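Chains, contacts and geometry: an overview
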Amino acid sequence: DSETLELLQEWRAESAVRKIAFSPDGTRIVAGDRDGVIHVWHIDSGVPLADVSQPGAIFGVDWSADGKLIATVGSDKIVRVWDAETLDPRQTMHGHKGPIYNVAFAPTGDQLATVGWGKEIFIWNTATGLEEQQLIGSSGDNWAVAFCGDGNHAVVASQDGNCRIWDLEAGELAGTLSGHESAVHSVSLDPIGFRIATGGRDGTVRVWDLSGLREEK
């Protein structure tokens, strides 16, 4: 419970869980574990609703904004999109040259972003299964990605200690958040307050005001 911090529900996977995501309506949760098992549970009842396995460890999961799709990524370098109700496969997308660490659906439309080993940020179309865009801007691996509320910008946390904001329509870097002393592992966006939170290997959590972004020259 976010007010009292009381534990409301608990589930046990057979191995380590690296990423979880709520369904948009808040009734379900999806988790991917190190053995490649995708779990879906009903939050209030605690009942397991579905599970399916994929090759390799799962490092990232996300739920589409319309609640119809679940995406998973991991050690096998493949982006997978599943039917959220049945966990039947809908798309598999190839292009990453190494493990994929994180995945995020756009807040509207059919776009999906993935990042991982290497400098590339991939933007995919979940309806067609095709790559729409590939961006390169960091000097090392990218650990996390999130879309801004309008869906026109993506925020990427990188190994080099920077967090970058990309203008997807222009395909250009819109700004860089610098301050972490080592890799940035996580990023979260506040859609109401126009703020970005980042967490890094340096043991700090930082909150950034979007109005103070440094313009790239």
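Coordinates for the structure precede this section.
Described in the following lines is the structure provided in the data block. (Residues numbered from 1 in each chain as written. Predicted model: local features only at pLDDT ≥ 70, side-chain atom pairs only at ≥ 80, totals over all residues. Heavy atoms only, no water.)

**Points about the pairing of strand β9 (residues 100-105)**
What counts is decided by this rule: Under the scheme applied here, a residue whose accessible area is under 20% of the maximum for its type counts as buried, over 50% as exposed, and between as partly exposed, the area being computed with a 1.4 Å probe on protein chains only. Here a strand is any run of E in DSSP of at least two residues, a helix any run of H or I of at least four, and the numbering for each starts at the N terminus. When DSSP finds two or more bridges between a pair of strands, those strands are recorded as paired.
Most of β9 is tucked away: six of the six residues are buried. Inspection of the sheet shows β9 paired to strand β10 (residues 111-116) by five bridges, in the antiparallel sense. When the bridges of β10 are listed, Val103 appears paired with Thr114. Counting the residues in the hairpin turn of β9 and β10 gives five residues, including Gly109, whose phi is positive at 80°.

**Considering the pattern of salt bridges**
Defined as follows: Any Lys or Arg side-chain nitrogen located within 4 Å of an Asp or Glu carboxyl oxygen qualifies as a salt bridge.
As enumerated under the stated definition, the model contains six salt bridges in all. Here Arg195 ties to Asp190 by a salt bridge, and the two come within 2.8 Å at their closest N and O atoms. Judged by relative accessible area, Arg195 falls into the partly exposed class, the value being 44%.

**Some details on the sheet that holds strand β13 (residues 142-147)**
Across a sheet, strands are paired by hydrogen bonds formed along the backbone, either parallel or antiparallel in direction. Keep this limit in mind: Note on geometry: axes are lines fitted to C-alpha atoms, helical ones only across the stretch in contact, with angles between N-to-C directions running from 0 to 180 degrees.
Reading across the sheet, the four strands line up as β13-β14-β15-β16 and stay open at both edges, with antiparallel pairing between neighbours. At either margin of the open sheet sits one strand with a lone partner, and together these are β13 and β16 (172-178). Averaged over all pairs of adjacent strands, the angle between their axes in this sheet comes to 20°, without regard to strand direction. Summarising the sheet, β13 and strand β14 (residues 153-158) pair through five bridges and their orientation is antiparallel.

**As for the layout of surface pockets**
As a reminder, the rule being used: Of the grid points, spaced at 1 Å and generated over the protein atoms alone, those admitting a 1.4 Å probe that cannot get out make up cavities, while open sets with protein on both sides within 12 Å along at least five of seven lines make up pockets; any residue with an atom within 4 Å of a point is treated as lining. Grid points are joined across faces, edges and corners, and a volume is the space filled by probe spheres set on the points.
Taken as a whole, the largest pocket holds about 900 Å³ of empty space. What lines the largest pocket is a set of 37 residues, and nearest its centre among them are Asp62, Ala104, Val145, Ala146 and Phe147. Of all the secondary-structure elements, those providing two or more residues to the lining of the largest pocket are β1 (17-22), β5 (58-63), β9, β13, β17 (184-190) and β18 (195-200). Per element, the largest residue contribution to the lining of the largest pocket is six residues, and it comes from β17.

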